[in-house]
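Breakdown of the fold
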Amino acid sequence: MFDPITRLALGLVTGFLFGFLLQKGRLTNYRTIVGQFLLRDFTVLKVMMTAIVVGSIGVYAMRDLGLVELHIKPAVVWSVLVGGLVFGVGMALLGYCPGTAVGAIGEGSRHAVPGLLGMLAGAALYAELHVPLQGWLGGWNLGKVTLAELTGTSPWLWIAGLAVGAVGLFALIEWYERRINGQVRCQASQRPERVTSSQSLPGTPVGV
Amino acid sequence: MGWIRAKRWSPYLVGALIGVLSWFSFAVSQKPLGVSTAFVRAAGLAERAVAPGHVARNAYFQSKTPKIDWGVMLVAGILLGAFTAAKLSESYRVERVPDLWAARFGPAVWKRYLAAFLGGLILVFGARLAGGCTSGHAISGGLQLAVSGWLFIGAVFAAGIVTALALFGREVSHV
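The rules we used
- Residues numbered from 1 in each chain as written.
- Chains lettered and ligands numbered in written order.
- Predicted model: local features only at pLDDT ≥ 70, side-chain atom pairs only at ≥ 80, totals over all residues.
- Heavy atoms only, no water.
- Helix = DSSP H or I, 4+ residues; strand = E, 2+ residues; numbered from the N terminus.
- Buried < 20%, exposed > 50% of the residue type's maximum accessible area, 1.4 Å probe, protein only.
- Contact = heavy atoms within 4.5 Å.
- Areas by Shrake-Rupley, 256 points an atom, 1.4 Å probe, with all protein chains shown as cover.
- Polar contact = N/O pair within 3.5 Å; in protein donor to acceptor, adjacent residues only side chain to side chain.
- Patch = residues over 30% accessible without salt bridge, like charges linked within 9 Å, V, L, I, M, F, W, Y side chains within 5 Å.
- Salt bridge = Lys/Arg side-chain N within 4 Å of Asp/Glu carboxyl O.
- Buried area = accessible area lost by both parts, 1.4 Å probe.
- 1 Å grid on protein atoms, 1.4 Å probe; cavity = no way out; pocket = protein on both sides within 12 Å on 5 of 7 lines; lining within 4 Å.
- Points joined across faces, edges and corners; volume = space filled by probe spheres on them.
- Nonpolar A, V, L, I, M, F, W, Y, C, P; charged D, E, K, R; others polar.
- Domains from an automatic or database assignment.
- pLDDT = per-residue confidence, 0-100.
- Axes fitted to C-alpha atoms, helices over the stretch in contact; angles between N-to-C directions.
- Parallel < 35°, antiparallel > 145°, perpendicular 65-115°, else oblique.
- Phe/Tyr/Trp six-rings, centres within 6.5 Å; stacked < 30°, edge-to-face > 60°.
- Lys NZ or Arg CZ within 6 Å of the ring centre and 35° of its normal.

In this section: the overall build of chain B. Within chain B one finds 10 helices and 0 strands. The linear arrangement of helices and strands in chain B, starting from the amino end, is α-α-α-α-α-α-α-α-α-α. Taken along the three principal axes of its C-alpha coordinates, chain B extends 50 × 40 × 35 Å. In chain B, which comprises 175 residues, the share counted as buried stands at 56%. Sequence separation of at least 24 residues holds for 51% of the intrachain contacts in chain B that already meet a minimum separation of 6. In the form shown here, chain B has an accessible surface area of approximately 6,700 Å², with 69% of it arising from carbon and sulfur atoms.

The following block contains the structure:
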């Protein structure tokens, strides 16, 4: 029923820091998540790509020093792709992913509570259908493989590529965000009622 | 200590700190950050209270045993951490219907709650089919260069963009 108390405490502390960061990054905000999918607010992509690059450097460095082991999830191609597509539909409809929905409840978003109940129902429903779904979609399994292993290259080559790619992507995103925000201001000044409505909305990100 | 009360930190700083948190998680807990398995364990615990035999016979609950573990406490911690951050910056705010949703679908609370319930159901069903969510597959998988993580990221963005545009169109996105 319970894991050892030190494991539980460690989970709670890790989660606390994670939730704190998600809230400070505005990722617990409905508008941030939906805005990402509408390609108007790129906060999600910025946080995710920075976390991936910084995380990869430390985790691979510790692995090379023999301090940690990797925990790779198997690439069951059709399950991951179909599951990811289903997940994307749910994320756009709910306006959160599982972790940020829980964080949203913490900052007062009441509509994330039915979302949480839906998530529990989704887990229960999946448990009933796991065996047949595995039969249909579980055939093509590349195993617990990394991009470096799949291509027979050094992981550091991939990490360097990711870092360079991320910096380029961020430059592009910042340029694009400035451009679309300029457009919104132009349209708003042609329709004065829009100016007041957009300025009075509390969820509008700082700097827009 | 003004920074701890700030309403918003730079997304790059937040991302970098989540990256550092994942080092901590690997080194100290021997676990990557991951959220969605906890929902299976919690759903299993709730279901076991009603139908213990049914849960005991279920193959999926045998591999993801219903229990309070590191991951379930991680989710509890997220709730507390986000609450603390929101209170410190005075951004705690009761929201029943988000503005963006109301601008498109009206202010009816039941409509938003129903959509949130269905969205949540679809979300975790997809996460369990894929074997992880934004934290377990995208961030933790992505940073380990896992093929599964990068396949997941591509699929989520493709479906999320199509769904959001279908729901909201391009014009309301200015609201």
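Right, picking up where we left off after that structure.
Checked against the element boundaries, E95(B) lands in the loop between α6 (70-88) and α7 (99-105). In terms of polar contacts, E95(B) uses its side chain to reach the side chain of S109(A), at 3.4 Å. Engagement of the side chain of E95(B) in a polar contact is seen with the side chain of H111(A), the distance being 2.7 Å. Excluding its chain neighbours within four sequence positions, the residues that come into contact with E95(B) are Y30(A), Y96(A), G108(A), S109(A), R110(A) and H111(A).

The next subject is a nonpolar patch on the surface. Where nonpolar side chains cluster on the molecular surface, the patch consists of V13(A), L17(A), F24(B) and V28(B) and spans about 290 Å² of accessible area. Contributing elements (two or more residues each) for the nonpolar patch: α1 (5-24) of chain A together with α2 (11-29) of chain B. Structurally, L17(A) can be placed in helix α1.

Another aspect to go through is the interface of chain A and chain B. If you look at the interface, chain A gives 123 residues, while chain B gives 126 residues. Counting the surface lost from both chain A and chain B, the interface buries some 11,400 Å², and carbon and sulfur atoms represent 75% of this. Taken together, chain A and chain B are joined by 1 salt bridge. Among the salt bridges present, the one from K67(B) reaches D3(A), with a minimum N-O distance of 3.3 Å.

As a volume, the largest pocket reaches approximately 910 Å³. Lining the largest pocket we find 38 residues, and of these K73(A), T37(B), K64(B), R128(B) and G131(B) sit closest to its centre. Of all the elements in the fold, those that place two or more residues in the lining of the largest pocket are α4 (77-94) and α6 (112-137) of chain A together with α3 (36-50), α5 (59-63), α6, α8 (109-130) and α9 (134-143) of chain B. Residues of the lining of the largest pocket, tallied by class, amount to 15 nonpolar, 16 polar and 7 charged. Two domains each put at least three residues into the lining of the largest pocket: domain 1 (1-93) and domain 2 (97-175) of chain B.

This next bit is on the confidence of the model for chain A. Taken as a whole, chain A shows an average pLDDT of 91; of its residues, 88% reach a score of 70 or greater. Below pLDDT 50 for its whole length, residues 192-208 of chain A participates in 21 contacts with residues either more than four positions away or in separate chains.

Atom-level detail of predicted coordinates should not be read off regions where pLDDT is low. Across chain B, the average pLDDT comes to 95, with 97% of residues at 70 or higher. Averaged over each element, pLDDT in chain B is lowest for helix α1 (residues 2-5) of chain B (89) and highest for α8(B) (98).

Two numbers describe a pair of packed helices, the interaxial angle and the distance between the axes. Following both chains from N to C, one finds helix α3 (residues 43-64) of chain A and helix α10 (residues 147-168) of chain B inclined at 175°, their axes separated by 14 Å at the closest point. Of the possible angle classes, the one that applies to α3(A) and α10(B) is roughly antiparallel. Residues V44(A), L45(A), M48(A), M49(A) and I52(A) of α3(A) lie in contact with α10(B), whose contacting residues are W150(B), I153(B) and F157(B). Each residue belonging to the contact of α3(A) with α10(B) can be placed in one class, and the counts come to 8 nonpolar, no polar and no charged.

Both the distance between ring centres and the angle between the ring planes are used here to describe each pair of aromatic rings. Residues and elements named next belong to chain B. Using the criterion set out here, one finds 15 aromatic pairs over all chains in the structure. Plain terms: the ring middles of F83 and Y92 are 5.8 Å apart, the flat faces sit at 80° to each other, and that makes the pair edge-to-face. For Y92, a relative accessible area of 28% puts it in the partly exposed group. Positioned above the aromatic ring of F105, the side-chain terminus of R104 is 5.0 Å from the ring centre. Above the face of the W101 ring, R112 is positioned so that its terminal group lies 4.9 Å from the ring centre.

Our focus in this paragraph is the pattern of salt bridges. In this structure the tally under the stated criterion is 7 salt bridges over all chains. The closest approach of N and O atoms between D64(A) and R63(A), which form a salt bridge, is 3.6 Å. Note on D64(A): relative accessible area 46%, which makes it partly exposed. Two residues, R41(B) and D69(B), come together in a salt bridge whose shortest N-O distance is 2.9 Å. Pair noted here: R41(B) is in helix α3 and D69(B) is in the loop between α5 and α6, with a separation of 28 residues, a long-range link. Residue D69(B) is classed as buried on the basis of its relative accessible area of 5%. Taken together, the salt bridges that share partners define one network made up of K46(A), E174(A) and E177(A).

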